[in-house]
Amino acid sequence: MSTTSSSPKLERGLSNRHIQLIAIGGAIGTGLFMGSGKTISVAGPSVIFVYMIIGFMLFFVMRAMGELLLSNLNYKTFADFAGDLLGPWAAFFTGWTYWFCWVVTGIADVVAIAHYVAYWWGNLPLWIPALACIALLLVLNLATVKAFGETEFWFSMIKIVAIGALIVVGLVMIITKFQSNGATASFSNLWADGGMFPTGFMGFVAGFQIAVFAFVGIELVGTTAAETKDPEKTLPKAINSIPIRILFFYVGALIILMAVQPWRLFSAGESPFVGMFTLAGLAGAAGIINFVVLTSATSSANSGIYSTSRMLRGLSMEGDAPKAFEKLSGRSVPRNALMFSCMFLLAGVVLLYSGDSVIAAFTLVTTVSALCFMFVWSIILISYLVYRKRRPHLHAASKFKMPGGAFMPYVVLAFFGFILWALTTQLDTLQALLITPLWFVGLAIGYSVIRRNPQHAQLRALHVKKVIAEREDAGAFRIHGPRAEDSIDSETHSV
């Protein structure tokens, strides 16, 4: 999409250290700490395969995103390459849907944060920690992008330490044959009670609909592209390490948890992390894990505020959002976009007082969020397929090619179709599945208004001309190979 060279630029203030930890933080969601108890209770040990399969599929989404972002360093986010490759409609739908994803997730996080704080101060009105959290995150993000990076660095470090401690403590309990509730800690607990799939195929399927929310935010590193120092080195390193992180943080932690005690002893409503540290006799285990989950939820909300503000600025620069959102503060931060997104997080304060329906509402909003994230992931894959077809010279010159790029996007898209089917098997997630299309109906109405703008009509016309020219160039490339100007263009825009 177009960008104005004379407009103020976002500051490249995120170092390799920040990007690596932001990538880790994005890959470790609050769902691991709180939701894994429910996934274990419905799927049993097969939940290990659930997380491995989801992580495997999303790795290819990240590789597709990485190749696209590095094919043109003028891309600020994945909404930019979606608009450039698929047309102005894709930038509009992707940008606003991603904004909506994080606003909905942020609202859920604010609700969770208020309840976590109540663990220590039960008499404190819930609206106080909710408002304090929103104010704190706004102040942190208004400072500089480096302040955001530092905050995420330490939030992610807390998650890493907590999971590392769980694995070490669990291994000690397994080695020493720790006994509790009539069971002995042993790796045999993974298959001794009904095998690896004790709840059958549908129990295995149910694990997917819960676990997928744990991965939302894995694409967050893609929204940092315009503010990353030396993106050609830092982005590939962050993306390539995702499989190792998933194996260690998700699979490793779950194996240890279910080895220490049989899967049937896990409760859907409790954090298995708290349970294991309590079994180990660690004083204040509940308080420690409550603090970890609190920081995890705060990290998620922090990421949401950051990413929504950058996406809003990108939309504004393309005429898909009010021009006021394009402005940067003296510290190169999109202040107006930040404050607008924070305003919507106040809905979380209202949700706190919805009575007994809080849990039901929380489940609804998190499922809607996961569905919208899957839409964004799908757009990334479709953009990649178009990129390979229309810009083969950039793909040929890329030093960060997506593995299996000719067929894996179709495999992953089919997997997302399987997830949609899985969501129909439970009543609460089915309700979210039926409600989510309302968002896209609203977007379609908004786009029908935007497209009447003469500037937008000109953008669409330019896109059509560009597509025709690129198809001709792609055909010539496949017949005659790279020309000299293709090589120059590839060196300029690809890595």
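Use the structure listed above.
Residues numbered from 1 in each chain as written. Predicted model: local features only at pLDDT ≥ 70, side-chain atom pairs only at ≥ 80, totals over all residues. Heavy atoms only, no water.

Our focus in this paragraph is the overall build of the protein. Summing up its helical and strand segments, the protein has 21 helices and two strands in all. In the protein, the share of contacts with a sequence separation of at least 24, taken over all contacts with a separation of at least 6, comes to 83%. Accessible area of the protein: about 19,600 Å², with a carbon and sulfur share of 68%. (Helix = DSSP H or I, 4+ residues; strand = E, 2+ residues; numbered from the N terminus. Contact = heavy atoms within 4.5 Å. Areas by Shrake-Rupley, 256 points an atom, 1.4 Å probe, with all protein chains shown as cover.)

Here we come to a nonpolar patch on the surface. Together, Tyr 119, Trp 120, Trp 121, Leu 124, Trp 127, Ile 128, Leu 131, Phe 291, Met 343, Phe 344 and Leu 346 line one region of the surface with nonpolar side chains, adding up to about 1,000 Å² of accessible area. Those elements giving two or more residues to the nonpolar patch turn out to be α6 (127-143) and α13 (335-345). Broken down by element, the residue count for the nonpolar patch peaks at three residues, all from α6. Here Tyr 119 is to be found in the loop between α5 (88-117) and α6. For Tyr 119, a relative accessible area of 45% gives the class partly exposed. (Patch = residues over 30% accessible without salt bridge, like charges linked within 9 Å, V, L, I, M, F, W, Y side chains within 5 Å. Salt bridge = Lys/Arg side-chain N within 4 Å of Asp/Glu carboxyl O. Buried < 20%, exposed > 50% of the residue type's maximum accessible area, 1.4 Å probe, protein only.)

A word on the packing of helix α18 (residues 427-435) against helix α19 (residues 437-450). Look at α18 against α19: their axes get within 5 Å of each other, and the N-to-C directions meet at 10 degrees. Taken together, the axes of α18 and α19 lie roughly parallel to each other. Only Pro 437, Leu 438 and Trp 439 of α19 make contact with α18, whose side of the interface consists of Leu 433, Leu 434 and Ile 435. Here the contact of α18 with α19 is built from residues that sort into six nonpolar, no polar and no charged. (Axes fitted to C-alpha atoms, helices over the stretch in contact; angles between N-to-C directions. Parallel < 35°, antiparallel > 145°, perpendicular 65-115°, else oblique. Nonpolar A, V, L, I, M, F, W, Y, C, P; charged D, E, K, R; others polar.)

This paragraph deals with the packing of aromatic side chains. Using the criterion set out here, one finds 34 aromatic pairs in the structure. Residues Phe 92 and Phe 93 carry aromatic rings whose centres are separated by 5.8 Å and whose planes lie at 70 degrees to one another, so their mutual orientation is edge-to-face. Judged by its relative accessible area of 4%, Phe 92 falls in the buried class. The lysine or arginine in question, Arg 63, covers the ring of Phe 400, its NZ or CZ lying 4.0 Å from the ring centre. (Phe/Tyr/Trp six-rings, centres within 6.5 Å; stacked < 30°, edge-to-face > 60°. Lys NZ or Arg CZ within 6 Å of the ring centre and 35° of its normal.)

Overall, the coordinates contain six salt bridges when judged by the stated rule. Across the pair Glu 470 and Arg 391 runs a salt bridge whose closest N-O atoms are separated by 2.9 Å. Here Glu 470, found in helix α20 (residues 454-480), pairs with Arg 391, found in the loop between α15 (358-390) and α16 (392-397); they are 79 residues apart in sequence, far enough to count as distant. Of the two residues, Glu 470 and Arg 391, both sit in the buried class. Several salt bridges converge on common partners, so that one network encompasses Asp 84, Arg 390, Arg 391, Lys 466 and Glu 470.

A few words now on the nonpolar core. Counting 136 residues, the largest nonpolar core has Ile 54, Phe 81, Trp 96, Phe 215, Met 258, Trp 377 and Phe 416 as the members making the most contacts within it. At 20 residues, α5 tops the list of elements feeding residues into this core. Sequence-distant contacts of Trp 96, that is, excluding residues within four places in its chain, are made with Leu 312, Leu 315, Asp 320, Ala 321, Trp 439 and Leu 443. (Core = buried A, V, L, I, M, F, W, Y, C linked by side-chain atoms within 4.5 Å.)

So, about the environment of Gln 426. You can see Gln 426 is positioned in the loop between α17 (408-423) and α18. Separated by 220 residues in sequence, Gln 426 and Ala 206 have C-alpha atoms that sit 8.0 Å apart.

Looking now at unusual backbone geometry. In this structure, Lys 177 takes a positive phi of about 55 degrees despite not being glycine. Looking at the secondary structure, you find Lys 177 in the loop between α7 (145-175) and β1 (179-180). For Lys 177, a relative accessible area of 52% corresponds to the exposed category.

Applying the stated criterion across every chain, the model contains zero disulfides. The thiol of Cys 101 is unpaired, and the distance to the nearest cysteine sulfur, on Cys 372, comes to 4.6 Å. Among the residues examined, Cys 101 registers a relative accessible area of 0% and is labelled buried. (Disulfide = S-S within 2.5 Å.)

Where helix α3 (residues 47-71) meets helix α9 (residues 231-240), the axes come as close as 10 Å, and the angle between the chain directions of the two elements is 175 degrees. Relative to α9, α3 is oriented roughly antiparallel. Of the residues in α9, those in contact with Phe 59, Met 62, Arg 63, Gly 66 and Leu 70 of α3 are Pro 231, Glu 232, Leu 235, Pro 236, Ile 239 and Asn 240. Of the residues belonging to the contact of α3 with α9, the class tally is seven nonpolar, two polar and two charged.

Function cannot be read off these values alone, since they describe shape.
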